[in-house]
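Observations on the model geometry
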Amino acid sequence: MNNVEVLQHNFETIKPESIFTSIIEDDEMNKNIVEQIRKTGDVQDYKTNVKAYMTDWDMRGKPGFDKLEKIIMDMTNYLSKIYYNRPINPRVENLWGMIYKKGDYAMVHDHWPSLWSGVYYIEVPNNSGDLFFPQLKQAMAPKKNQMIVFEGKTRHGVRESLSDKERIAVSFNVKENI
């Protein structure tokens, strides 16, 4: 923008930012997702905010991912009703798999204009990098089978993995069908 200054103003708000978690135990779904992640391979070649092995952006409909997509839509519809008092007709816009190895991390970023974003953790060795939210001054150590959901505008990143074992996860973005 030529000759235009943009200023950022930060405010304390009445409505707090929330991060939602749930445990989803489905060994068959997890097995299918891991197989698909490995079969697809590292398509992104560390060129996104995720500096780790990453699949295509759109893994919807693939074995395991199809079931997870339904869970994500149900959860985000529920959260929209409870949190915003507004039911939505959600659609999973993006759904991708990742394998973090020692030294891998994700740069701080957001998923705006998505309504909801999140990550589902399948394998989580110790010291494989916390999910952190710099503006909220919060960090979470992920757990196996844990889904973490947050608003798409929420800035977040993943700290460097110090583990010799792989962390396997799936991230997603949800928008509203209008």
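The structure under discussion appears in the preceding block.
Residues numbered from 1 in each chain as written. Predicted model: local features only at pLDDT ≥ 70, side-chain atom pairs only at ≥ 80, totals over all residues. Heavy atoms only, no water.

A closer look at the overall build of the protein chain
The number of helices and strands found in the protein chain is 2 helices and 11 strands. When its helices and strands are written in sequence order, the protein chain yields β-α-β-β-α-β-β-β-β-β-β-β-β. Against the globule reference of 16 Å for 178 residues, the protein chain gives a C-alpha radius of gyration of 16 Å, in line with a compact fold. Reported as C-alpha extents along the three principal axes, the dimensions of the protein chain are approximately 45 × 35 × 30 Å. Residue pairs at least 24 apart in sequence account for 79% of intrachain contacts in the protein chain once pairs closer than 6 positions are excluded. For the protein chain, the accessible area works out to roughly 10,200 Å², and carbon and sulfur atoms hold 49% of it. Each charge sign in the protein chain was given a centre, from 24 positive and 25 negative side chains, and these centres are 1 Å apart. (Helix = DSSP H or I, 4+ residues; strand = E, 2+ residues; numbered from the N terminus. Rg over C-alpha atoms; globule rule 2.2 N^0.38 Å. Contact = heavy atoms within 4.5 Å. Areas by Shrake-Rupley, 256 points an atom, 1.4 Å probe, with all protein chains shown as cover. Lys, Arg positive; Asp, Glu negative; His and termini not counted. Charge placed at Lys NZ, Arg CZ, Asp CG, Glu CD.)

A short note on the pairing of strand 9 (residues 146-151)
Look at any regular strand and the pattern is simple: side chains alternate between the two faces of the sheet. The element strand 9 is largely enclosed, with a buried count of 6 among its 6 residues. In the sheet, strand 1 (residues 19-23) pairs with strand 9 via 5 bridges, with the strands oriented antiparallel. Bridging across to strand 9, Thr21 finds its partner in Ile148. (Buried < 20%, exposed > 50% of the residue type's maximum accessible area, 1.4 Å probe, protein only. Pairing = 2+ DSSP bridges.)

Topic: the sheet that holds strand 9
Spatially, 6 strands are ordered 1-9-6-11-4-3 in an open sheet, and the strand pairing comes out antiparallel. The open sheet has two free edges, formed respectively by strand 1 and strand 3 (53-54), since each of these has just one partner strand. Those strands touched by helix 1 (residues 27-40) are strand 3, strand 4 (90-100), strand 6 (116-123) and strand 11 (167-176), and its axis lies near 95 degrees from that of strand 11. (Axes fitted to C-alpha atoms, helices over the stretch in contact; angles between N-to-C directions.)

Observations regarding the pairing of strand 11
Burial analysis of strand 11 places 9 of its 10 residues in the buried class, the great majority of the element. Pairing of strand 4 with strand 11, which is carried by 10 bridges, proceeds in the antiparallel orientation. Paired with Gly97 across the strands is Val170, a residue of strand 11. One ladder, built from 7 bridges, connects strand 6 with strand 11; its direction is antiparallel. The residue bridging Glu123 from the neighbouring strand is Ile168, located in strand 11.

Observations regarding the packing of helix 1 against helix 2 (residues 65-84)
Contact geometry of helix 1 with helix 2 gives a least axis separation of 8 Å together with a crossing angle of 120 degrees. The angle between the axes of helix 1 and helix 2 places the two elements in the oblique class. Together, Met29, Ile33, Gln36 and Ile37 of helix 1 and Phe65, Lys67, Leu68 and Ile71 of helix 2 make up the contact between the two elements. Here the contact of helix 1 with helix 2 is composed, by residue class, of 6 nonpolar, 1 polar and 1 charged. (Parallel < 35°, antiparallel > 145°, perpendicular 65-115°, else oblique. Nonpolar A, V, L, I, M, F, W, Y, C, P; charged D, E, K, R; others polar.)

Digging into unusual backbone geometry
In this model, Trp112 is joined to Pro113 through a cis peptide bond whose omega is 15 degrees. With a phi angle near 65 degrees, Tyr46 is a residue other than glycine that sits in the positive phi range. On the accessibility criterion, Tyr46 (33% relative accessible area) is partly exposed. Positioned with a positive phi, Lys137 is a non-glycine residue whose angle comes to about 55 degrees. Checked against the element boundaries, Lys137 lands in the loop between strand 7 (131-133) and strand 8 (138-140). According to the relative accessible area criterion, Lys137 is exposed, its value standing at 72%.

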